[in-house]
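# Structural features, examined
The primary structure of each chain is shown beneath.
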Amino acid sequence: MSSEIVFDIETVGDIKDYSTLKVTVVSLYDYASQSFRSFEESELGLLWPYLEKAERIIGYNSEHFDIPILNKYYAGDLSHFPHLDLLKVIKESSGKRYKLDDIAKATLDKRKSADGLQAVQWYKEGKLDKIKEYCEQDVLVTKEIYEFGRKNKMIYYPTLTGDIMPIAVNFDMPSKFQQTATQTNINLTLPL
């Protein structure tokens, strides 16, 4: 059974200055247990074992955004973990960056349930359960795009004229990260 993790984060602060950004919620889908889980900032210690034991962590714009923000909280370096950033693969294939919502609409005929600005408002209102629900829905959409792309080697994006165009993708696990059934995978980057 795969032990990949699909994840997403929500933050508050100045998006133009990453040093001001603070995690409000991290949500993940764990393929090993086939379940979703969400963590508030005060619960991040419970998140690290999931990421440390994952064969690979998967996100959308995660290399540029999620990982650097989470690294402010983690004692090691999450950027050294086996990682798939779907947006990075899409950009390498198409030459362009696309919003998760646009890829989801064109590929899955699904939309995100809200946006980051709404999540910030919910945070100000103390509605962390709403943020968790929204973040888990983003994780679900990311997971479904990943699965679609891995199976079909293709995802889709909308053009300005409303046409749906394909993007060839390869979301397969690189052979250097694949494990045999007897190996134990623990990603650790903490200084000893």
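The present account deals with the structure reproduced in this document. (Residues numbered from 1 in each chain as written. Predicted model: local features only at pLDDT ≥ 70, side-chain atom pairs only at ≥ 80, totals over all residues. Heavy atoms only, no water.)

In this section: the sheet that holds strand S1 (residues 5–12). Pairing is mixed in the open sheet, where five strands are placed in the order S3-S2-S1-S4-S5. Two strands bound the open sheet, and with one partner strand each, they are strand S3 (35–40) and strand S5 (83–85). Put simply, the sheet's adjacent strands are angled 25° from each other on average, direction ignored. By the bridge criterion, six bridges tie strand S2 (residues 22–30) to S3 in an arrangement that is antiparallel. The residue of S3 that forms the bridge with Val26 is Phe39. Across the sheet, helix H3 (residues 86–94) touches strand S4 (57–59) and S5, and the angle it forms with S5 is around 55°. (Pairing = 2+ DSSP bridges. Helix = DSSP H or I, 4+ residues; strand = E, 2+ residues; numbered from the N terminus. Axes fitted to C-alpha atoms, helices over the stretch in contact; angles between N-to-C directions. Contact = heavy atoms within 4.5 Å.)

Taken residue by residue, helix H1 (residues 44–53) has Leu44, Leu47, Trp48, Leu51 and Glu52 as its buried positions. Down the axis of H1, the buried set is contained in an arc of 130°. They therefore lie on one face. Buried residues in H1 make contact with S1, S2, S3, S4 and helix H2 (62–71). (Buried < 20%, exposed > 50% of the residue type's maximum accessible area, 1.4 Å probe, protein only. Arc of directions from axis to C-beta.)

Here we come to the packing of aromatic side chains. On inspection of all chains with the given rule, the structure shows eleven aromatic pairs. On the basis of an interplanar angle of 70° and a centroid distance of 6.4 Å, the ring pair of Tyr31 and Tyr146 is categorised as edge-to-face. Residue Tyr31 is located in the loop between S2 and S3, and its partner Tyr146 is located in helix H6 (residues 128–152); the two are separated by 115 residues in the primary sequence. Given the relative accessible area of 13%, Tyr31 is considered buried. (Phe/Tyr/Trp six-rings, centres within 6.5 Å; stacked < 30°, edge-to-face > 60°.)

Let's shift gears to the packing of helix H4 (residues 100–108) against H6. Axis separation between H4 and H6 bottoms out at 10 Å; the angle between their running directions is 55°. Classified by the angle their axes make, H4 and H6 are oblique. Crossing geometry of H4 relative to H6 is assigned as left-handed. Residues Leu100, Ile103, Ala104, Thr107 and Leu108 of H4 pack against Asp138, Val141, Thr142, Glu144, Ile145 and Phe148 of H6. For the contact of H4 with H6, the class distribution of residues is seven nonpolar, two polar and two charged. (Parallel < 35°, antiparallel > 145°, perpendicular 65-115°, else oblique. Left-handed = near helix turned anticlockwise from the far one by under 90°. Nonpolar A, V, L, I, M, F, W, Y, C, P; charged D, E, K, R; others polar.)

Counted by the stated rule, this structure contains eleven salt bridges. Across the salt bridge formed by Arg150 and Glu4, the nearest N and O atoms sit 3.5 Å from each other. Note that Arg150 is positioned in helix H6 and Glu4 in the segment before S1, a separation of 146 residues in sequence. What makes Arg150 partly exposed here is its relative accessible area of 30%. The partner of Lys105 in a salt bridge is Asp109, with the nearest N and O atoms 2.7 Å apart. For Asp109, a relative accessible area of 58% translates into the label exposed. What emerges from the salt-bridge pattern is a single network uniting Glu4, Arg56, Arg150, Lys153 and Asp172. (Salt bridge = Lys/Arg side-chain N within 4 Å of Asp/Glu carboxyl O.)

Turning our attention to the side chain of Lys132. Relative to the helices and strands, Lys132 resides in helix H6. Taking relative accessible area as the criterion, Lys132 reaches 17% and is therefore assigned buried. A polar contact of 2.9 Å, which involves the side chain of Lys132, links it to the side chain of Glu40. Look past the residues within four positions of Lys132 in its chain and what remains in contact with it is Val25, Ser27, Ser38, Glu40 and Glu43. (Polar contact = N/O pair within 3.5 Å; in protein donor to acceptor, adjacent residues only side chain to side chain.)

Relative to the helices and strands, Ser62 is located in helix H2. Among residues more than four places away in sequence, those in contact with Ser62 are Phe7, Ile67, Pro68, His83, Leu84 and Asp85.

Such coordinate-based values are descriptive only and should not be taken to indicate function.
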